[in-house]
Every structure is written in C-alpha cells, then in structure tokens.
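Structural characterization, general
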Amino acid sequence: MEPIIKVTGLKKSFKKKEAVKGLDFEVQEGEIFGFLGPNGAGKSTTINMICTMLAPSEGSIIINGYDVSKQKDKVRESIGIIFQENTLDKKLTADENLKLHCRFYKVPKEKREQRIQEVLEIVDLVNERKQRVETFSGGMKRRLEIARGLLHYPRVLFLDEPTVGLDPQTRAHLWEYILRLKEKEGITMFLTTHYLDEAEISDRVAIMDEGRIIAIDSPKALKSELGGDIIELETENNVSASEEIRRRFPEAEVTLQDETMYVKVPDSDAFVATIIKELTAPVTRLNIRRPTLNDVFLAFTGRKIGEAEEQGKAGS
Amino acid sequence: MEGILAIWQRDLTKFFRDKARLFGSFTMPILFLLIFGGGMSGTMESMMSAGLGEEAGDFNYVEFVFPGIVAMTLLMTSVFSALSIIEDKDFGYMKEILVSPISRVSIAVGKMAGAATVATIQGVILFLLIPLLGLSYDFTALLQVIPFMFLFACALSGLGLLFASVIRSTQGFQMTVQILVMPMIFLSGALFPVNNMPAWMDVIVKVNPVTYGVDVMKKIMIDVDTLSPAVVEAMGLNITVFGRQVTILEEILFILGFAAVLVLLATISFRRANA
C-alpha cells in the first residue's frame, strides 16, 4: 500500500542556520505516528512544511498522493490541523466557528448540519453549540478545535501538542476521544507531544534531535532495543557509587541525572542482589522498572525531554 | 466564491457584534459635520465664494462638504478595518484561514469586500443626517452614489490590506494609518477646494486616489449641471491632470484600477504568509 505521507530528503535552512538537515520517513494509512523531540529540534519547522505553511529548501513531501509544493490546495483539503496555540474565533459561537470551517473546506451544504452534529457528539459539546467560544474553558476550546479539524473528513489529522496546558483529567479524556476517532474513522494521526507517556499510544514514533531523525520504530521495539530493566538508584554518594558500578559491572550502562542514577542491566536480579550487599556507599532508594519512552529518549539524546526543552528555550 | 462569502460574512457579523466600535465610528464624522457644516460654514462660504460676485448666492458650503465627510468616513472605516487582519494574526485565526484550501485571491477579496461593506453601511447611515443639516440632495443621485461608494471603499480597504501586510503590530498600524489618513483627507478636496495649491502640494493632490473618489461623489451628489461654471470652479470640481480636464468615467476607471492593483498585492502577500 502507498504510504499516506512520504517525506524524502527534506531540508530547511533559515539564513545561516540549518533547522532540518535531511529527513526521510513514511507514515502508513490509519497509523498513529508520534513525532517527538525537544524544542529547537526542528519539529515545528517540519510540521509547518508538511502542512503547506512553509516552503522546503530541498526535498519532497507527498501527502495522500499530492505534492505539497505543487498541489497545495489538494494537500490542504486532505489534512486537518490542531495547532499548538488556539486558532478559534473567540467572538463567535462554536456553531459559527464550525460553519465557517465547512465553508472554507467546501463541505456540501446539505451535509453540514449532520457533520457538525456528528463531530460535536464525538467531543461532547452538543449542548454548548450556541455559546460563544470566549466563555469556554481551555479543555472545551481544545475539544472544539479537534471537532473543527474533523469536519471536512481529513485523511490525516495533525495534532501539535494537543494536550499542552490542560489538567490531567482533561488530558486523559482528550486521548479517549482521539483513540475513539482512530477506531471509528480510521484517520491517520500525526502527533507531537512532549508528554512521552502520551506518545505510548502511537503505533510508531520518530525521535528528532538537532534537525535529524535519530530513531524511528514502534514504542515497543524502541524500548526493547534498550534491553533489560531500568534500575533507579539513589545512594549517599552517587559519584563514587557510579564509578564502582561501572568497574564491577562493565556491561551496565550508568546515567547520572540529578539525584538519581539510572542503571541499565540485562539481568536485574543478580545486579540488585550484589549492589545491596556490596556497594560501599549505602543505597537510600531503589526502584526496578521496565523501560519507558523517556528512557528511550534519554538513551538516544543523553537528555530527558524536559531538560532538552529547557536548553532549547535558553538557546533560542 | 463560497470562501469569499464566508470571510466577508465573518467580518460583518463581528462588526455588528462590536457595539462600541459601531457607535464609536460615528463620532468622528459627526464631529466634523458639526465643526465644518455648522460652525465654520459661514467663514468657508465667504472665503470660497469671494471671487464669484453676484453668483455667490448659489454656493452652499454644507452641500459641498457633506459628500466630503462621507468620503472621509469611508476612508477611515475601510483602512481601519484592515486592522482585523493583524488581529487575526495575533489571535491565531489567520492560521485557520491560511491552512484551508481557500484560494489566496479569495482571502484578499473577502477581506476587502468585508471592510468595504462595513464602510459603505456607515456612509449610508450618515445620509440620515441630510434633512437635519437642511440639505436636499436628489434621491436618485443618492441611490447612484452608493455603488460608487462601495467601489471607492474597496480601493481604500485595499490600501488598508497593504499596510496590514507590511506592519506587524496593532500600535504600529494605528500610528501609520493616522499619519497617512489625515493628509489624504486634507489634500483631497473633501473639506475645502484644492484649487490654488503650491506646485508640490498640487502633485500630492493629483496622486492622491481620495481626490478622485471625492470628486466623483461630489459630481454625482451635487447637481453640477445647474450650477454656473464659476461656482463649479470655486468648488474645485474640475480637476485637470497634465492640463487636461478628467472626466467622471476616467476617475471611476482609475479607482477601479487602483482597487485591482491592491487586490493583487494583497494576494501576493497572503501567498507568502506563513502566519
């Protein structure tokens, strides 16, 4: 089957800075594709190019069989975008916002009413239809934006940090809606988030750093690639303890992060038994867990995503 | 077409919903009508009709200035409506428009038509003051001038679109527009005839598109044919360019061309925009 998104040799330079340094990837139809990376990694630049908002310096993007550089209108009809920042007209009602969208995307007149009803049901906003958007809470605005993005039945839905600034309960709800959509409509979703636990719902994730994709695979494969368990360890002297572990277990990978040491070993049972008995600096805390996407990110970039974020901001 | 209508309708809905803006926009023209039409009309009349001798009685300054003040309202409202583009950029809505498949020409035309419609409505509402000012214009002339007012307002909103595409901030936009709009009114013949201007100022008058719009409006509204040539001359209603008197048709074509060029420029700027 033809991929729904096909990116080849994609590059983008701004004046002297090369923001995107050559990307090649494909997204299959019906897939949830997670696009991860810290600020300044080139994520937004890439999405803007895919959404026809920014012209690439080099390379090509094909969406739904249309070339993003040459058939902008066809591409625009094929995609829906939920931007990071709010793009609703707050002075208008939910209904008016949705109707405008129908007209922008040439949804046939006789189908508008039924579709508006349908998308409002998906996001549970049927009763708020006639209210002005300025009276909505943050979560409601987000849901309305998702509803609006679906109105023209896009083949691909782009979600750029859809849950940023929402409380945990609303976030959980939003993901329920998104998963329901995937099951019901089979829409392909291209999603960026820096809550890595949320990216776990992706069928595949790509990790981007410094303008390149450094890893791309299913979350499960990426995690198993790390091999073994993660042991979080706190001791009274982390520096000397980490040296000691490195000396005694050459196969262990040790990362120091703030107060905590992350140790990755193939056989956690034997390792734990040994260090509790024999480590010179007494152990104050110990936790064994399966690797998460956070660990994948840490392993590939040497940073946690939150920290990379901070650095990205400080640098920009 | 649907896209143009959608953008046009959105701007109208928002205009009628914004009560403060709706009423605020009438204060300026009414103030001008009070000052020029009421307070200063005697002075202006005697100054302008000084050389007319016994024909001076035919000269009515309020009748002269009223179309000018309507034109001024068109100019202010049209240009300032383009502020909505900067607001849309600030509040993110421009992104929703730009990622949609609407053609970029439709965005420009829709925005222009929206601003021009709002301006024309305001101009027409000012017609209600005609009896209060003791004026009487021919009713058919008033009906005839409305389509031209819309065309003129289109050209002026195009000017607003051009500013909005270059200027990023709301404050910057307001500053620039204030600085430009005032001279455009004063050097257009809207409030007083621009007959005996110094040469350099005369050049500005002749390149100012408002001059021709005001002239067309006055020629339609004031019954020029019944006035003696001397009065028409005193009102400054026979503009000459390169020594040749321009006709009303030429003036309308000029405004039309001006609007078309501005739509083109606005389209180019939307094509480049990535919000």
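All residue numbers refer to positions counted from 1 along the written sequence of the respective chain. Following the order in which they are written, the chains are lettered starting with A and the ligands numbered starting with 1. pLDDT decides what is reported in this predicted model: residues at 70 or higher carry local features, side-chain atom pairs at 80 or more are listed and counted, and totals for whole chains, interfaces and linings draw on all residues regardless. Computation of side-chain values covers all heavy atoms of the structure but excludes hydrogens and water.

When you go through chain A residue by residue, the secondary structure sums to 12 helices and 14 strands. Taken over the C-alpha atoms alone, chain A extends approximately 75 × 45 × 40 Å along its principal axes. Only protein chains enter the accessibility calculation, which uses a 1.4 Å probe; a residue is then buried when its area is under 20% of its type maximum, exposed when over 50%, and partly exposed in between. Burial statistics for chain A: of 316 residues in total, 52% are counted as buried. Intrachain contacts of chain A at a sequence separation of at least 6 include 69% that bridge at least 24 residues. Each charge class in chain A can be summarised by its mean position, and for the 48 positive and 53 negative side chains these summaries are 7 Å apart. Only DSSP runs of H or I with at least four residues qualify as helices, and only runs of E with at least two residues qualify as strands; both kinds are numbered from the N terminus onward. Residue contacts are defined here by distance: any two heavy atoms, one from each residue, within 4.5 Å place the two residues in contact. Positive charge is attributed to Lys and Arg, negative charge to Asp and Glu, and no charge count is given to His or to the chain ends. Here the site of a charge means NZ on Lys, CZ on Arg, CG on Asp, or CD on Glu.

Across the contact, 23 residues belong to chain B and 28 residues belong to chain A. Of the roughly 2,400 Å² buried between chain B and chain A, counting both surfaces, carbon and sulfur atoms make up 55%. When two parts are brought into contact, each loses some accessible area as probed by a 1.4 Å sphere; the total of that loss over both is the buried area. Area buried by chain B at its contact with chain A is led by B:Arg17, B:Val99 and B:Pro101, which between them contribute 29% of it. The salt bridge definition used is simple: a Lys or Arg side-chain nitrogen within 4 Å of an Asp or Glu carboxyl oxygen. There are seven salt bridges connecting chain B and chain A. The partner of B:Glu2 in a salt bridge is A:Arg112, with the nearest N and O atoms 3.6 Å apart. We call two N or O atoms a polar contact when they sit within 3.5 Å, provided that within protein one can donate a hydrogen and the other can accept it, with sequence-adjacent residues counted only if both atoms are side-chain atoms. Across the chain B-chain A interface, the total number found is nine residue pairs in polar contact (both at pLDDT 80 or more). For the side of chain B that touches chain A, the elements supplying multiple residues, two or more each, are α1 (2-17) and α6 (93-98) of chain B. With nine residues, the single largest contributor to the side of chain B that touches chain A is α1(B). In this classification, Asp, Glu, Lys and Arg are treated as charged, Ala, Val, Leu, Ile, Met, Phe, Trp, Tyr, Cys and Pro as nonpolar, and every other residue, Gly included, as polar. The class makeup of the residues in the side of chain B that touches chain A is 11 nonpolar, five polar and seven charged.

What follows deals with the sheet that holds strand β13 (residues 260-265) of chain A. Residues and elements named next belong to chain A. Pairing between strands requires that DSSP locate at least two bridges from one strand to the other. Strand order in this open sheet of four strands is β12-β13-β11-β14, and the pairing throughout is antiparallel. If you trace the sheet from one side to the other, it starts and ends with β12 (253-257) and β14 (283-289), each paired once. The average undirected angle you get between the axes of adjacent strands in this sheet is 20°. Summarising the sheet, β12 and β13 pair through five bridges and their orientation is antiparallel. Bridging across to β13, Leu 256 finds its partner in Met 261. Interaxial angles span 0 to 180 degrees and are taken between N-to-C directions of axes, which are lines fitted to C-alpha atoms, for helices over the stretch in contact.

Moving on, we get to the UniProt feature "transmembrane region" (unreviewed entry) in chain B. All names here are of chain B. UniProt positions are given in the numbering used here, feature names are shortened, and annotations may be inferred rather than shown by experiment. Within this numbering scheme, the UniProt entry marks residues 20-44, 64-86, 107-130, 142-163, 175-194 and 252-270 as carrying the feature "transmembrane region" (unreviewed entry). Its end C-alpha atoms 33 Å apart, residues 20-44 is made of 96% helix and 0% strand. Annotation note: span residues 252-270, helix share 100%, strand share 0%, distance between end C-alpha atoms 27 Å.

As a further point, take the nonpolar core. In terms of nonpolar packing, the biggest core is built from 119 residues, with A:Ile63, A:Phe158 and A:Phe190 touching the most fellow members. Broken down by element, this core gets its largest block of residues, 14 residues, from helix α8 (residues 139-166) of chain B. If sequence neighbours within four positions are ignored, A:Phe190 has contacts with A:Ile5, A:Phe25, A:Val27, A:Phe33, A:Phe35, A:Ile47, A:Ile50, A:Val156, A:Leu157, A:Phe158 and A:Leu159. A:Ala94, A:Leu157, A:Leu159 and A:Ile178 belong to the second-largest nonpolar core, a separate cluster that totals 32 residues. What we call a nonpolar core is a set of buried Ala, Val, Leu, Ile, Met, Phe, Trp, Tyr and Cys residues that are connected through their side-chain atoms within 4.5 Å.

A few words on the domain arrangement of chain A. What marks off one domain from the next here is an automatic or database domain assignment. Here chain A is described as being made up of domain 1 (5-219) and domain 2 (223-315). Taking only C-alpha atoms, the centre of domain 1 of chain A and the centre of domain 2 of chain A are 35 Å apart.

For the rest of this paragraph, the subject is the pattern of salt bridges. All names here are of chain A. For the structure shown, the criterion picks out 37 salt bridges over all chains. Linking Glu 161 and Lys 43 is a salt bridge whose minimum nitrogen-to-oxygen distance equals 3.5 Å. Taken together, the positions of Glu 161 in the loop between β7 (156-160) and α6 (168-185) and Lys 43 in helix α1 (residues 43-50) put the pair 118 residues apart, joining distant regions of the chain. The same class applies to Glu 161 as to Lys 43, namely buried.

Residues and elements named next belong to chain A. Contact geometry of helix α9 (residues 238-248) with helix α10 (residues 268-278) gives a least axis separation of 12 Å together with a crossing angle of 130°. In terms of orientation, α9 lies oblique with respect to α10. As α9 runs across α10, the sense of the crossing is right-handed. For the pair α9 and α10, contact is made by Glu 244, Ile 245 and Arg 248 and by Phe 271, Thr 274, Ile 275 and Glu 278, respectively. Here the residues of the contact of α9 with α10 sort into three nonpolar, one polar and three charged. If an angle is under 35 degrees, it is roughly parallel; if it is over 145, roughly antiparallel; if it lies from 65 to 115, roughly perpendicular; otherwise it is oblique. For a crossing to be left-handed, the near helix must be turned anticlockwise from the far one by less than a right angle; the clockwise case is right-handed.

Residue and element names in this part refer to chain B. Spanning 25 residues, helix α13 (residues 248-272) covers 37 Å between terminal C-alpha atoms, matching the ideal 36 Å at 1.5 Å per step. Taken residue by residue, α13 has Glu 251, Ile 255, Ala 259, Leu 262, Val 263, Ala 266, Thr 267 and Phe 270 as its buried positions. The inward-facing, buried residues of α13 contact α5 (83-90), α6, α7 (104-126), α8 and α11 (209-221). Expected helix span is given by 1.5 Å per residue-to-residue step, counting one fewer step than there are residues.

The next thing to look at is the sheet that holds strand β8 (residues 188-192) of chain A. Sheets are built from strands that pair by backbone hydrogen bonding, the pairs being arranged parallel or antiparallel. Residues and elements named next belong to chain A. With respect to topology, six strands assemble into an open sheet ordered β6-β7-β8-β3-β9-β10, the strand pairing being mixed. Looking at strand neighbours, the two that pair on one side only are β6 (79-82) and β10 (212-217), the edges of this open sheet. Strand-to-strand twist of the sheet, defined as the mean angle between neighbouring strand axes without regard to direction, takes the value 15°. Alignment of strand β3 (residues 32-36) against strand β9 (residues 204-209), held across four bridges, turns out to be parallel. If you follow Gly 34 over to β9, its bridge partner there is Val 205. Packed onto the sheet, helix α5 (residues 138-150) meets β6 and β7 and runs at close to 170° relative to β6. Contacts from helix α11 (residues 293-301) reach β3, β9 and β10 within the one sheet, and its direction differs from that of β9 by about 35°.

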